[in-house]
Amino acid sequence: MSILLTGATGYIGTSVLSRLIEGGHSVTALVRDEAKAAAVEAAGARALVGDVTDSELVARAAADSDGVIHVASTKDGDPVFIDAALRGLGDSGKALVHTGGLWTYGSGEDLTEDSPAAPPAITAWRGANEARVLSAEGVRGIVVVPSIVYGKGTGLARLVVDAPRETEGEPAIRLIGDGSQHWGTVHVDDLAELYVLAFELGGRGESYIGASGVNPTVRELGEAVAAAYGVVGGVRAETVEETRGRLGEALADALLLDQQARGTKARVELGWEPNRASLVEELSSGSYAPASIGAAE
């Protein structure tokens, strides 16, 4: 199938592109410049240079496709892109897979697609765009909802790996808050497989949470980093005010959410099987560990 993909050179989109190509799909990647065009062409896609806010370009590209996967979700770009993609897809019944985020549901011990929305300020803008996709007529509007994405040594996990080491007394890694909050997590390659399954099999008006079911506390993550890097003082808690001052209030409030999710719906309805190493394992001996970082340099 011919798929219009945004975000193909980004953290998540690179893995989605790879998975689509491996699955035999033909991909047109909407990219911003010639350097990104060269990157996606080297990966096996056809490049389309332009911007997600170019409504005429997006509408034409969507019309020429067998469906759209929109990974490059942004506050300013989404309203224009969604309307243009829907106009291009028309009443075709083709898929428009949009990107949401687990933070939208706020804190919860077992978050599902039916959990009420309680977004922090940083993601409050997402709701209207997701509703537009899910309620669209004539297409299969689908939302993939990533939890905290990790893998390949990057992503938000770097905030734990690169956290300040205390210098008074024994070195210790500063946590985000007191570290008692859980993070729903998903490996970037597992998430990429979910995007493809959602495109191929997802139902109209359905959302699918991308969560591995492994929900470590931030303290557990910090302790894994301290052990891997030989930080003898282990970890040190911060107050909420300290974390807000260090990371900014908006991001801090999202990272302080206590979220656990299992991704059951995607497993049952789409046959999704997230099975990569956990984030704790990646921090201890995988792509974030000192030996892996040194080998990559």
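Everything that follows concerns the structure shown earlier in this document.
From a predicted model like this one, the values you see are computed outputs, not experimental measurements.

A. Spatial organisation of the overall build of the protein. A tally of regular secondary structure across the protein gives 13 helices and 14 strands. Rg of the C-alpha trace for the protein: 20 Å, near the compact-globule value of 19 Å for 297 residues, within the 12% margin. By its C-alpha atoms, the protein is 65 × 40 × 35 Å across when sized along the principal axes. Burial status across the protein gives 50% buried among its 297 residues. Partitioning the intrachain contacts of the protein with sequence separation of at least 6 by distance along the chain shows that 76% fall at a separation of at least 24. Accessible surface, the protein: about 12300 Å² in total, of which carbon and sulfur atoms supply 50%. Here the protein contributes 24 positive and 42 negative side-chain charges, whose respective centroids are spaced 3 Å apart.

B. Main features of the sheet that holds strand β9 (residues 154-155). Strand order in the open sheet formed by three strands is β9-β8-β11, and the pairing between neighbours is mixed. Each edge of the sheet is formed by a strand with only one pairing partner; in this case those strands are β9 and β11 (185-187). Direction of pairing for strand β8 (residues 148-151) relative to β9: antiparallel, over a ladder of two bridges. By the bridge assignment, Tyr150 is partnered in β9 with Gly155. The sheet contacts of helix α1 (residues 11-22) involve β8 and β9, and relative to β8 the element is tilted by about 70°. Across the face of the sheet, helix α7 (residues 188-201) comes into contact with β8 and β11 while running at roughly 85° to β11.

C. Fine view of empty space enclosed by the protein. The final tally for this structure, using the stated rule, is one cavity of 30 Å³ or more. The calculated volume of the largest cavity comes to roughly 40 Å³. As for the largest cavity, its lining consists of Leu159, Val160, Ala163, Ile173, Arg174, Leu175, Ile176, Val218 and Gly222. Only α6 (158-161), β10 (173-174) and α8 (218-229) provide two or more residues apiece to the lining of the largest cavity. When grouped by side-chain class, the residues that make up the lining of the largest cavity number seven nonpolar, one polar and one charged.

D. Fine view of the packing of α1 against α7. Two elements in contact, α1 and α7, have axes separated by 8 Å at closest approach and are oriented at 60°. With respect to their mutual orientation, α1 and α7 come out oblique. Classified by chirality, the crossing of α7 by α1 is right-handed. In this structure, α1 uses Tyr11, Ile12, Ser15, Val16, Arg19 and Leu20 to contact α7, whose residues at the interface are Val188, Asp189, Leu191, Ala192, Glu193, Tyr195 and Val196. For the contact of α1 with α7, the per-class residue count stands at nine nonpolar, one polar and three charged.

E. Just the pattern of salt bridges, in detail. All told, the structure shown has twelve salt bridges when counted by the stated rule. For Arg87, the salt bridge goes to Glu56, with nearest N and O atoms at 3.3 Å. Of the two residues, Arg87 is situated in helix α4 (residues 78-89) and Glu56 in helix α3 (residues 55-63); the sequence distance between them amounts to 31 residues. The class for Arg87 is partly exposed, based on a relative accessible area of 45%. With a shortest N-O distance of 2.7 Å, Arg276 and Asp190 are connected by a salt bridge. Here Arg276, found in the loop between α11 (264-270) and α12 (279-285), pairs with Asp190, found in helix α7; they are 86 residues apart in sequence, far enough to count as distant. Of the residues examined, Arg276 reaches a relative accessible area of 32% and is grouped as partly exposed. Overlapping salt bridges, with partners in common, bring together Arg174, Glu238 and Arg246 in one network.

F. Representation of the packing of α3 against α4 within the structure. Two elements in contact, α3 and α4, have axes separated by 7 Å at closest approach and are oriented at 40°. In terms of axis orientation, α3 runs oblique to α4. With respect to the hand of their crossing, α3 and α4 are arranged in right-handed fashion. Along its contact with α3, which presents Ser55, Glu56, Val58, Ala59, Ala62 and Ala63, the element α4 presents Val80, Phe81, Ala84, Ala85, Arg87, Gly88 and Leu89.

G. Just the side chain of Thr6, in detail. Within the secondary structure, Thr6 sits in strand β1 (residues 2-6). Polar side-chain contacts of Thr6 include one of 3.0 Å to the backbone nitrogen of Val71. There is a polar contact of 3.0 Å between the side chain of Thr6 and the backbone nitrogen of Ala72. What Thr6 contacts, discounting residues up to four positions off in sequence, is Leu30, Val52, Ile69, His70, Val71, Ala72 and Phe81.

Rules used in this analysis
- Residues numbered from 1 in each chain as written.
- Predicted model: local features only at pLDDT ≥ 70, side-chain atom pairs only at ≥ 80, totals over all residues.
- Heavy atoms only, no water.
- Helix = DSSP H or I, 4+ residues; strand = E, 2+ residues; numbered from the N terminus.
- Rg over C-alpha atoms; globule rule 2.2 N^0.38 Å.
- Buried < 20%, exposed > 50% of the residue type's maximum accessible area, 1.4 Å probe, protein only.
- Contact = heavy atoms within 4.5 Å.
- Areas by Shrake-Rupley, 256 points an atom, 1.4 Å probe, with all protein chains shown as cover.
- Lys, Arg positive; Asp, Glu negative; His and termini not counted.
- Charge placed at Lys NZ, Arg CZ, Asp CG, Glu CD.
- Pairing = 2+ DSSP bridges.
- Axes fitted to C-alpha atoms, helices over the stretch in contact; angles between N-to-C directions.
- 1 Å grid on protein atoms, 1.4 Å probe; cavity = no way out; pocket = protein on both sides within 12 Å on 5 of 7 lines; lining within 4 Å.
- Points joined across faces, edges and corners; volume = space filled by probe spheres on them.
- Nonpolar A, V, L, I, M, F, W, Y, C, P; charged D, E, K, R; others polar.
- Parallel < 35°, antiparallel > 145°, perpendicular 65-115°, else oblique.
- Left-handed = near helix turned anticlockwise from the far one by under 90°.
- Salt bridge = Lys/Arg side-chain N within 4 Å of Asp/Glu carboxyl O.
- Polar contact = N/O pair within 3.5 Å; in protein donor to acceptor, adjacent residues only side chain to side chain.

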